[in-house]
Amino acid sequence: MILRRVYFLICSLAIAIPVLAEPKAKPDKLHLDSGDFMEAAIDRISGESVHFYNLETGDLESLQLSQLTDESRQEVIEWYLGEITAKGELVLSIKYDSSRELEPGRQVGSYQIELENNSSMTLPADIQLVTTAFRIGFELKNSDDQKQYDISSFNQKSPKTKSGPVKPKAKLEASTSKQISTSPPYNWVRLSGTPFRIPKGESVPEKIYLTAIEAELKYKGQVLTSKISPARTASIIQERRKQTTGIVLPPEPKAETKPENKSADTPATAAQDDVPKISYDAIAIIEGDDGVGSGFLLEMKERKFLVTNSHVITGAIRLSAKTTRGTEITLPRYFFVAKDRDLAIFPINFDGDFLEPLTEYSEVDIGEAVTVFGNERGASVVTQLTGKVNGVGPARVEIDAPFVEGNSGSPVVHHDSGCVIGLATYYIEYEKPEADTDPKEYVSGKKKQKERRRFAERIDNVTEWDKVSLHMLQQEAEKLNSYEDFLEGVITIANGVANGNRIVRPSSSTREVNYMLEDYHRRRERGEVGSGGENRALEQLKRSVISGLEARHREVERDIRSYYLKQELEYYQQLNEVLMDYVSGLHYY
């Protein structure tokens, strides 16, 4: 069984109902910065240009939006944004990602909000995606022989805003931090306040907490469209807003307490007071060319370092790091990567708060609590995810704190010692073995469960380091990418033979082997193959492909030194061997 490392989670769609703003009237005049104006029938906006019919000449013309006065430009943009929103070309969606279940009907998850632009217009730079989270508490009340849920708390969290130009066929995204939510909203008929009787044998929770999210698309302060998910909470939110007149209520105490009857598969949670108090200024946000990751400041053997995973920085041309207060951390040109694990350390000269590593691993026992502090999902804010130690090995620690993308490089802090025992690195996912599956699941026809195991690299016992630079790692990453492209080209050739009994033509998917395919097809088209030529052309192609596979294999084995890329390379080398056997067996009948 091949276990691939996974750095992302798949979101499931949550239902949300859009609310559209009143449409703006189409402007009939365009006012230019030069002082002139023209009567126009506006057709559309494409990119950053407005296309219109000049009513004086009858010609179809276009102008850059920047040529219009501020007022005229705003009128045109507001009208067209309303048009594409109403047509469904500007799509606002809300997805709910359930990270883990605390108990039946109660989950911890987050919302992903996306604005997708399928129009021809490049959205203006000052368009905003504003999100607000609502936490609604329900409490069970007795009424004679009936029961009823009443709303006991309503907490509105401050809006989060994302803004910026969104090109055609592009997205603007935002996400919330971890929330408590019922999934699906627990028996909505009951939560709506309708009295009910409890059937014999059924039990219902005394308190229920539900999280809702509102997303608004704004331009110049005007709401173009908005959504609330789950949609059925819209009436509650609107009514409560009227009652509170904008006052934000304090959060409900003990809303995320540890479940009493927790299953063995649910990560351990700790009370808030049990989580070690660390300085969030010791957590670093690391930004590279391809995204944002986590790191932390560590004082080890009287030296100061910025610590993160190798995979967070590998392939980056430029790299920056800052504390949660926004203080820039100056990074040296050369730094060190561990030879036997996914770990990188930057020696730094920095005055600030630092974490300490655990030096005695005999103090760590399986089942003890840990917390991951880091930049969850690359949102550039510090969050904490609590779990327990599931296992300790010579190079890494297994934990069940549910860290996700963006947490790579985050410190794992041991509760009892208050020290760092590793950094969150990766998880593996696989189907639950049949021997460990409840036989009832086969009878009910349920799909096989998927298991995840999460691992943190140890820092305390690294014995060998390589001195590297970003440029060196970027060159290694480029070599691996080129090798991957070559293998994909060979796979395309193999698929062409298997599915169509033909040798494919050169294309973008075969760019690393195009010269071999061009040679093969050139021989055939020029009629140079002669009697038995098909076999000779194929044999020549086979020799070229096999020679290429062998040469690329030797090259990457020689040039790739970093541990993280070597782990990725193992998979490609296995694929190389399979492809070599397949290509060797090709022949014409």
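Residues numbered from 1 in each chain as written. Predicted model: local features only at pLDDT ≥ 70, side-chain atom pairs only at ≥ 80, totals over all residues. Heavy atoms only, no water.

## Considerations on the overall build of the chain
- When helices and strands are tallied, the chain shows 9 helices and 30 strands.
- When each of the 589 residues of the chain is scored for burial, the buried share is 47%.
- Pairs at least 24 residues apart make up 68% of the contacts formed inside the chain by residues separated by at least 6 positions.
- Element-wise, carbon and sulfur atoms account for 46% of the exposed surface of the chain, whose accessible area totals about 30600 Å². (Helix = DSSP H or I, 4+ residues; strand = E, 2+ residues; numbered from the N terminus. Buried < 20%, exposed > 50% of the residue type's maximum accessible area, 1.4 Å probe, protein only. Contact = heavy atoms within 4.5 Å. Areas by Shrake-Rupley, 256 points an atom, 1.4 Å probe, with all protein chains shown as cover.)

## Thoughts on unusual backbone geometry
- Phi is positive for Lys301, which is not a glycine, with a value near 55°.
- With respect to the helices, strands and loops of the structure, Lys301 is situated in the loop between strand S18 (292-300) and strand S19 (303-308).
- Despite not being glycine, Glu302 has its phi angle at roughly 60°, a positive value.
- Its place among the elements puts Glu302 in the loop between S18 and S19.

## A word on helix H1 (residues 70-86)
- Counted at 1.5 Å a residue, the expected span for H1 with its 17 residues is 24 Å, and the 24 Å between its end C-alpha atoms agrees.
- Looking only at H1, the buried set comprises Ser72, Val76, Ile77, Glu78, Trp79, Tyr80, Leu81, Ile84 and Thr85.
- Residue Gly88 follows H1 closely and has a positive phi angle near 80°. (Expected span 1.5 Å × (residues − 1).)

## Re a negative patch on the surface
- Among the surface-exposed residues, Asp28, Glu39, Glu56, Glu71 and Glu75 lie close enough to one another that they form a single negatively charged patch.
- With respect to the helices, strands and loops of the structure, Glu39 is situated in strand S5 (residues 37-46). (Patch = residues over 30% accessible without salt bridge, like charges linked within 9 Å, V, L, I, M, F, W, Y side chains within 5 Å. Salt bridge = Lys/Arg side-chain N within 4 Å of Asp/Glu carboxyl O. Lys, Arg positive; Asp, Glu negative; His and termini not counted. Charge placed at Lys NZ, Arg CZ, Asp CG, Glu CD.)

## Considering the pairing of strand S20 (residues 320-323)
- Of the two faces of S20, only one is covered, namely that formed by Ala321 and Thr323; the face formed by Ser320 and Lys322 stays uncovered.
- Sheet analysis places strand S17 (residues 283-287) next to S20, joined by 4 bridges and oriented antiparallel. Each residue of the ladder has a partner; that of Ile285, found in S20, is Lys322.
- Across 2 bridges, S20 lies against strand S21 (residues 328-329) in antiparallel orientation. Following the sheet pairing, Lys322 is matched in S21 by Glu328.
- Counting the residues in the hairpin turn of S20 and S21 gives 4 residues, including Gly326, whose phi is positive at 90°. (Pairing = 2+ DSSP bridges.)

## Focus: the sheet that holds S20
- Across the sheet, which stays open at both edges, the 8 strands sit in the order S21-S20-S17-S18-S19-S23-S22-S30 with antiparallel pairing between neighbours. Looking at the sheet topology across the chains shown, the edges are occupied by S21 and strand S30 (465-469).
- Across 5 bridges, the pairing between S18 and S19 is antiparallel. Its bridge partner being in S19, Glu299 is matched across the sheet by Lys304.

## A closer look at the nonpolar core
- Counting 37 residues, the largest nonpolar core has Leu30, Val76, Leu81, Ile113, Leu115, Met121 and Leu123 as the members making the most contacts within it.
- Every element with two or more residues in this core is listed here: S5, strand S6 (49-54), H1, strand S8 (90-103), strand S9 (106-117), strand S10 (127-143), strand S13 (170-175) and strand S15 (207-219).
- With 6 residues, the top contributor of residues to this core is H1.
- Setting aside chain neighbours within four positions, we find Leu123 in contact with Leu81, Ile84, Leu90, Leu115, Asn117, Pro165 and Val166.
- Formed by 30 residues, the second largest nonpolar core is a distinct cluster that contains Ala477, Val513, Ile546 and Tyr572. (Core = buried A, V, L, I, M, F, W, Y, C linked by side-chain atoms within 4.5 Å.)

## So, the pattern of salt bridges
- Considering all chains together, one arrives at 21 salt bridges under this definition.
- Asp519 is the salt-bridge partner of Arg522, the closest N and O atoms lying 3.6 Å from each other. Highlighted residues: Arg522 and Asp519, both in helix H7 (residues 514-525), separated by 3 residues, approximately one helical turn.
- Beyond isolated ion pairs, a larger network of salt bridges with shared partners links Lys339, Glu464, Asp466 and Arg561.

## Things to note about the sheet that holds strand S4 (residues 29-31)
- Reading across from one edge, S4-S5-S6-S7 is the order of the 4 strands in this open sheet, with antiparallel pairing throughout. Where the open sheet ends on each side, the last strands, each with one partner, are S4 and strand S7 (60-64). Pairwise comparison of adjacent strand axes, ignoring direction, gives a mean angle of 55° for this sheet.
- The strands touched by H1 within the sheet are S4, S5 and S6, with S5 carrying the most contacts at an inclination of about 40°. (Axes fitted to C-alpha atoms, helices over the stretch in contact; angles between N-to-C directions.)

## Regarding the packing of aromatic side chains
- Enumeration over the complete set of coordinates arrives at 7 aromatic pairs.
- Both rings, one in Phe350 and one in Phe354, keep their centres 6.5 Å apart while their planes meet at 65°; by these two values the pair is edge-to-face.
- Phe350 sits in the buried class, given a relative accessible area of 11%.
- Pairing Tyr571 with Tyr572 gives two aromatic rings, centres 5.5 Å apart and planes at 65°, and the pair type is edge-to-face.
- Taking relative accessible area as the criterion, Tyr571 reaches 30% and is therefore assigned partly exposed.
- By the ring-pair criterion, three or more aromatic residues cluster together here, those being Tyr483, Tyr571 and Tyr572.
- Against the face of Tyr427 rests Arg454, its NZ or CZ located 5.1 Å from the ring centre.
- Arg458 extends its terminal NZ or CZ atom over the ring of Tyr361, reaching a point 3.6 Å from the ring centre. (Phe/Tyr/Trp six-rings, centres within 6.5 Å; stacked < 30°, edge-to-face > 60°. Lys NZ or Arg CZ within 6 Å of the ring centre and 35° of its normal.)

## Focus on helix H9 (residues 563-584)
- The terminal C-alpha atoms of H9, which comprises 22 residues, lie 31 Å apart, in line with the 32 Å expected from a rise of 1.5 Å per residue.
- Approximately 25° is the largest bend angle found in H9, and it occurs at Leu569.
- Taken together, the buried positions of H9 are occupied by Tyr563, Tyr564, Leu565, Leu569, Tyr572, Gln573, Leu575, Asn576, Leu579, Met580 and Val583. (Bend = angle between axes of the 7 residues up to and from the residue.)

## Some thoughts on the confidence of the model for the chain
- Counting all residues, the mean pLDDT for the chain is 78, and 79% of those residues have values of 70 or more.
- Averaged pLDDT values over the elements of the chain bottom out at 27 in strand S2 (residues 12-13) and peak at 94 in strand S23 (residues 344-347).
- Below a pLDDT of 50 lies the segment residues 1-20, which in the model reaches 66 contacts outside its immediate sequence neighbourhood of four places, other chains included.
- Overall, residues 244-272 carries pLDDT values under 50, and its contacts beyond four positions in sequence, including any with other chains, amount to 42 contacts. (pLDDT = per-residue confidence, 0-100.)

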